[in-house]
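Chain residues, written in single-letter form:
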Amino acid sequence: RLLVAFYVISDALLAGWAFILAYAIRFESGLIPVSKGYPPIDQYVGVLPFVVVLTPLAFHLQGTYRLRRGRSRVDDFFGVLVGSIIAVVLGVVSTLYVQAYYVSDAAKAQGAYEVSQMVWGLFLAINVVFTSASREAVRELLERRWRAGIGLKRILIAGAGDLGRLVADRMLQHRELGYQVVGFIDDRAGGDHIGYRGLPLLGTLTEVVDVAQRERVDQLYVALPLEEHAKLLDLFNATSREVIDVKVVPDFLQFIALRARLEDLDGLPIINVNDVPLQGFNAWVKRALDAVLSAAALLVLGIPMAILALIVRRTSPGPVFYHQERMGLDGRHFHVYKCRSMYQEAEDD
């Protein structure tokens, strides 16, 4: 909660700073020609409260304040980018609304609540840079604390098999995420209390509550194999009365490809394991990219290809290009063309 409060306050202050800096760059720096006069700074100061309030609201709508460990820098950046775009849209709409219904004609004539489009654009860019930099600074500070063993989340893994060990490996490899694995619970190990990579086997699945209380567990990662998924409900019931975050790691690693997608059937989550590629809109996008990139490549490589063709023609008799029939998608045949690199009729020999 303190971190969220810090983000809200810092985002508001940085947004106000970015807005004033955008005005200064547009009208005071001399970098951008001004053709319609210089609006006074007071006119933009009047819009400043909208920016300061609406920017944290936009970030909240975007979900930027739903913090979780393990969130990548790319996710953070795009969250800030989309949130800043929403803030600009809200700022434009709100100022136009206030100007239309709450500003007198005399104030309208003086340009009250009018903001240059370029100022909004500059604000968007500057705010993304400022806010992303602040997020990165906080991330670096937290990761240093976590590497030093401060503020760690204590993790218990249900399942000491291959999947559970894979979860442990990931957490041990990324100590900057702030996780401390306290050990495993598993039924199949029986009386063998030898764990993995120095992590002990702390008990059976039925002892999850006792182990969680004894080890002061913050999160339970359920990494059971498919044949033991019937025990998931028992684990959920046992931990429902404890203050523990429960996360399930599905044992579909042997079935799911990297492009598996999560679909929704009226609220029912469905994992699409074997999706047919390049259907509908994706096929059109792929074809358009093929054409655009091929045309660009031909423009760039035109002169080297002409030189290569001349060398091929001068070093051996026969055509410059060699073509061959190949088989493509769905068994359809097509002809591939390339500069000839063998003597004519060499394939027959």
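Above this text you will find the structure in question.
What comes next is a walk through the structure.

Criteria and cut-off values
Residues numbered from 1 in each chain as written. Predicted model: local features only at pLDDT ≥ 70, side-chain atom pairs only at ≥ 80, totals over all residues. Heavy atoms only, no water. Pairing = 2+ DSSP bridges. Helix = DSSP H or I, 4+ residues; strand = E, 2+ residues; numbered from the N terminus. Axes fitted to C-alpha atoms, helices over the stretch in contact; angles between N-to-C directions. Contact = heavy atoms within 4.5 Å. Patch = residues over 30% accessible without salt bridge, like charges linked within 9 Å, V, L, I, M, F, W, Y side chains within 5 Å. Areas by Shrake-Rupley, 256 points an atom, 1.4 Å probe, with all protein chains shown as cover. Salt bridge = Lys/Arg side-chain N within 4 Å of Asp/Glu carboxyl O. Lys, Arg positive; Asp, Glu negative; His and termini not counted. Charge placed at Lys NZ, Arg CZ, Asp CG, Glu CD. Buried < 20%, exposed > 50% of the residue type's maximum accessible area, 1.4 Å probe, protein only.

A few words now on the sheet that holds strand β5 (residues 245-248). Spatial ordering of the open sheet is given by β3-β2-β1-β4-β5, a layout of five strands whose pairing is parallel. The open sheet is flanked by β3 (201-203) and β5, the only strands paired with a single partner. Each adjacent strand pair in this sheet contributes to an overall mean axis angle of 35 degrees, direction not counted. In the sheet, strand β1 (residues 153-158) pairs with strand β4 (residues 219-222) via four bridges, with the strands oriented parallel. When the bridges of β4 are listed, Ala158 appears paired with Val222. Helix α7 (residues 162-173) rests against β1, β2 (179-185) and β4 of the sheet, and its axis sits at about 160 degrees to β2.

A word on a negative patch on the surface. The grouping of Glu345, Glu347, Asp348 and Asp349 at the surface amounts to a negative patch. Tracing the chain through its elements places Glu345 in the segment after β9 (333-339).

A cluster of nonpolar side chains, contributed by Leu298, Leu299, Val300, Leu301, Met305, Phe321 and Tyr337, occupies part of the molecular surface with about 780 Å² of accessible area. Sort the elements by how many residues they give to the nonpolar patch and helix α10 (residues 281-315) lands first, with five residues. Looking at the secondary structure, you find Leu298 in helix α10. A relative accessible area of 53% means that Leu298 is categorised as exposed.

Everything listed here is a matter of coordinates, which is why it stays silent on function.
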